Amino acid sequence: MQVLGYKKKTKAELLKAVDECISISQLCALIQHEGIVIQMQCFSLASNIPSKKLPAGQGAVKSPLDNLKERVRHAIESSK
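Computed from a prediction, not measured in an experiment: that's the story for all the values here.

## Points about the overall build of the protein
A tally of regular secondary structure across the protein gives 3 helices and 0 strands. In the protein, the order of α-helices and β-strands from amino to carboxyl end is α-α-α. Within the protein, the proportion of its 80 residues that are buried is 18%. Per element, the accessible surface of the protein, about 6,700 Å² overall, is 59% carbon and sulfur.

Have a look at this one:
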């Protein structure tokens, strides 16, 4: 679905817009308007593969917003 009066952004503009998003809902609106496709990701916790422990100090936890921004940036950079 295309929003009337909305002009699609270039890759550079999209990457900047992703960085400027301050909420997941704002990022989701950008994804919807731009028609960005994000692939699902499988985690080892969802399988019977034993997990690996990270050394102390290397387990920096990102917020859900930061994780989603990273996936969106990857999708934008991987697109045509």
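Having seen the structure, we can now continue with the description.
## Some points on the side chain of Glu34
On the secondary structure map, Glu34 appears in helix α2 (residues 24–34). Of the buried charged residues, Glu34 lacks a salt bridge, with Lys8 as the closest side chain of opposite charge at 4.8 Å. A distance of 3.2 Å separates a polar side-chain atom of Glu34 from the backbone nitrogen of Lys9. Once you skip the residues sitting within four places of it in the chain, Glu34 turns out to touch Tyr6, Lys7, Lys8, Lys9 and Leu14.

Conventions we followed
- Residues numbered from 1 in each chain as written.
- Predicted model: local features only at pLDDT ≥ 70, side-chain atom pairs only at ≥ 80, totals over all residues.
- Heavy atoms only, no water.
- Helix = DSSP H or I, 4+ residues; strand = E, 2+ residues; numbered from the N terminus.
- Buried < 20%, exposed > 50% of the residue type's maximum accessible area, 1.4 Å probe, protein only.
- Areas by Shrake-Rupley, 256 points an atom, 1.4 Å probe, with all protein chains shown as cover.
- Lys, Arg positive; Asp, Glu negative; His and termini not counted.
- Salt bridge = Lys/Arg side-chain N within 4 Å of Asp/Glu carboxyl O.
- Polar contact = N/O pair within 3.5 Å; in protein donor to acceptor, adjacent residues only side chain to side chain.
- Contact = heavy atoms within 4.5 Å.

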